[in-house]
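Here is how the chains run, residue by residue.
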Amino acid sequence: MSTPSLLIAGAGGAVGKHLVEQCRTNNNHSLRLLTRSKKKMEARFSAHSSTDHTIVEADVLRPQTLAGVCQGVDTVISTIGASLDIRAIKDRNSFHTVDLQGNINLLKEAQESGVRKFVYLSAFGAASMNTAYTNAHEEFVRHLKASGLEYGVVRPTGFFYVNCEFLEMARKGTAWLVGNGKASTNPIHEEDVAKACTEAALGQGNREMNIGGPETFTRQEIAELAFQTLGKTPRIFHSPFAITKVMKPLVSVFNPRIGDLVEFLGYVATHECVAPTYGQKRLGDYFLAAARA
Ligand SMILES: NC(=O)c1ccc[n+]([C@@H]2O[C@H](COP(=O)([O-])OP(=O)(O)OC[C@H]3O[C@@H](n4cnc5c(N)ncnc54)[C@H](OP(=O)(O)O)[C@@H]3O)[C@@H](O)[C@H]2O)c1
């Protein structure tokens, strides 16, 4: 009997690449990786034996490219989402388009192919935030729960790599924070997020996991940690939360995704966002490694 197959959609992303590392060592599953660029994916995983995995090229916004990608697949893990990189100006696809509609297209393909389980990466606190970004995530979760498939939903706090923005600002000498910097959060390493997704995928039954890292910081403390890592004296300025409200409609004219991102980043920077501890890895170590790279 052949081993059940696992499809990792978003395999080239920040969490996706850790998922691939973790799942390729699990001999109980054969692995299929979904990406928009097979060439980039082959280059990224060139050190791996090609018998570890197969790569399929598809764009979830073009449903015809998804035909057959879930054929023979037992479980799908989707980390597909529009980029959270505020500087990726050319990337105009909104969170509603990618995180919601794109994942619905993939879910439909999974249902038609007889997939048993679908695991999805949302965001911690998404159900109560009422921003375009978090609404897209949680609307997809509603579709997933209504699909009849077994499901897993993982809701992490912010990933470590996103906080490296503070290192960049500290390098330039000045960091900016939205709000007074007093709101707390426990960011999590993307490798720990991948572990939770694997756990949700391989465990029995439906699973919802709210997860954060081992240390809780105020936003001010995260910015200070970035300066400390570089051996610099903190120079941190604050801008009012209201600025993000004014900026959103203006920025959205040029790029709807960045407009939505401004709204979300403003919200999380000014509200408590502390999830149950799951991750083991520490932000200070991550900053040190990033500073040396
Ligand atoms: N970053 C955070 O702090 C954070 C916190 C909580 C939740 N999340 C959520 O977690 C998820 C993963 O985050 P991440 O940081 O790992 O994201 P990421 O690095 O930007 O990766 C996103 C992945 O989505 C894929 N993708 C985007 N558009 C696609 C399309 N049209 N068709 C097929 N694939 C497409 C990309 O595939 P390619 O390889 O083809 O480019 C990429 O691999 C996202 O939904 C994000 O909103 C993030």
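For the structure, check the block above.
Below, the structure is looked at part by part. (Residues numbered from 1 in each chain as written. Predicted model: local features only at pLDDT ≥ 70, side-chain atom pairs only at ≥ 80, totals over all residues. Heavy atoms only, no water.)

A short note on the overall build of the protein chain
For the protein chain, the helix and strand inventory stands at 11 helices and 11 strands. For a compact globule of 293 residues, the expected C-alpha radius of gyration is about 19 Å, and the protein chain comes in at 19 Å, within 12% of that figure. Taken over the C-alpha atoms alone, the protein chain extends approximately 60 × 40 × 35 Å along its principal axes. A burial count over the protein chain gives 51% of its 293 residues as buried. (Helix = DSSP H or I, 4+ residues; strand = E, 2+ residues; numbered from the N terminus. Rg over C-alpha atoms; globule rule 2.2 N^0.38 Å. Buried < 20%, exposed > 50% of the residue type's maximum accessible area, 1.4 Å probe, protein only.)

Remarks on the site of the ligand
Not every one of the 28 residues close to the ligand is listed here, only the nearest: Arg36, Asp59, Tyr133, Phe159 and Tyr161. Within the backbone of valine 60, a nitrogen or oxygen atom sits 3.0 Å from a nitrogen atom of the ligand. Measuring from an oxygen atom of the ligand, one finds a side-chain N or O atom of tyrosine 161 at 2.6 Å. Contact with the protein chains covers 89% of the free accessible surface of the ligand, which is 900 Å². (Near = heavy atom within 4 Å. Polar contact = N/O pair within 3.5 Å; in protein donor to acceptor, adjacent residues only side chain to side chain. Areas by Shrake-Rupley, 256 points an atom, 1.4 Å probe, with all protein chains shown as cover.)

Notes on the environment of alanine 123
Assignment of secondary structure puts alanine 123 in the loop between β5 (117-121) and α4 (126-129). On the accessibility criterion, alanine 123 (7% relative accessible area) is buried. Here the alpha-carbon distance between alanine 123 and asparagine 210, two residues 87 residues apart in the chain, equals 8.3 Å. With sequence-adjacent residues up to four places away left out, alanine 123 is seen in contact with Tyr133, His137, Arg155 and Pro156. (Contact = heavy atoms within 4.5 Å.)

A look at the sheet that holds strand β2 (residues 30-35)
In a beta sheet, neighbouring strands are held together by backbone hydrogen bonds and run either parallel or antiparallel to one another. Read across the sheet, seven strands follow the order β3-β2-β1-β4-β5-β6-β9 without closing on themselves; strand pairing throughout is parallel. Across the chains shown, the open sheet's two edge strands, defined by having one partner strand only, are β3 (53-57) and β9 (207-211). The average angle at which neighbouring strand axes cross in this sheet is 15°, direction not considered. In this sheet, β2 lies alongside strand β1 (residues 5-9) in parallel orientation, the contact comprising five bridges. Residue pairing for β2: alanine 9 is matched across the bridge by leucine 34. (Pairing = 2+ DSSP bridges. Axes fitted to C-alpha atoms, helices over the stretch in contact; angles between N-to-C directions.)

Details of helix α5 (residues 132-146)
Helix length check: α5, at 15 residues, gives a terminal C-alpha distance of 21 Å against a target of 21 Å (1.5 Å per residue), a fit within 8%. By the burial criterion, the buried members of α5 are Tyr133, Thr134, Ala136, His137, Glu138, Phe140, Val141 and Leu144. Packed against the buried residues of α5 are α3 (95-112), β5, α4, β6 (150-156) and α10 (256-270). Backbone geometry just after α5 places glycine 148 at a positive phi near 90°. (Expected span 1.5 Å × (residues − 1).)

Some words on the packing of aromatic side chains
Aromatic ring pairs: the centre-centre distance and the angle between the two ring planes describe each pair. In total, this model carries seven aromatic pairs according to the counting rule given. An angle of 45° between the planes, with centres 6.2 Å apart, marks the rings of phenylalanine 159 and tyrosine 161 as tilted. (Phe/Tyr/Trp six-rings, centres within 6.5 Å; stacked < 30°, edge-to-face > 60°.)

Some remarks on a nonpolar patch on the surface
Where nonpolar side chains cluster on the molecular surface, the patch consists of Leu84, Tyr161 and Val162 and spans about 210 Å² of accessible area. With respect to the helices, strands and loops of the structure, valine 162 is situated in helix α6 (residues 160-172). Residue class for valine 162 comes out partly exposed when judged on its relative accessible area of 35%. (Patch = residues over 30% accessible without salt bridge, like charges linked within 9 Å, V, L, I, M, F, W, Y side chains within 5 Å. Salt bridge = Lys/Arg side-chain N within 4 Å of Asp/Glu carboxyl O.)

What about the environment of cysteine 164?
Its location among the elements puts cysteine 164 in helix α6. With a relative accessible area of 15%, cysteine 164 lands in the buried category.

Some words on the pattern of salt bridges
Side chains that differ in sign of charge can pair as their charged atoms come close. For the coordinates displayed, the defined rule picks out 16 salt bridges. Here glutamate 21 ties to arginine 24 by a salt bridge, and the two come within 3.5 Å at their closest N and O atoms. In this pair, glutamate 21 and arginine 24 are both assigned in helix α1 (residues 14-24), three residues apart and thus about one turn of the helix distant. Accessibility expressed as a relative area gives 37% for glutamate 21, which makes it partly exposed. Given a relative accessible area of 25%, arginine 24 falls into the partly exposed group. Its salt-bridge partner being arginine 282, residue glutamate 215 comes within 2.9 Å of it at the nearest N-O pair. Separated by 67 residues along the polypeptide, glutamate 215 in the loop between β9 and β10 (217-218) and arginine 282 in the loop between α10 and α11 (283-292) bring together distant segments of the chain. The partly exposed category is assigned to glutamate 215, whose relative accessible area is 21%. Its relative accessible area of 42% is what places arginine 282 among the partly exposed residues. Among the charged side chains, a salt-bridge network with shared partners connects Asp74, Arg116, Lys117 and Glu150.

Everything listed is a geometric property; what it means functionally is a separate question.
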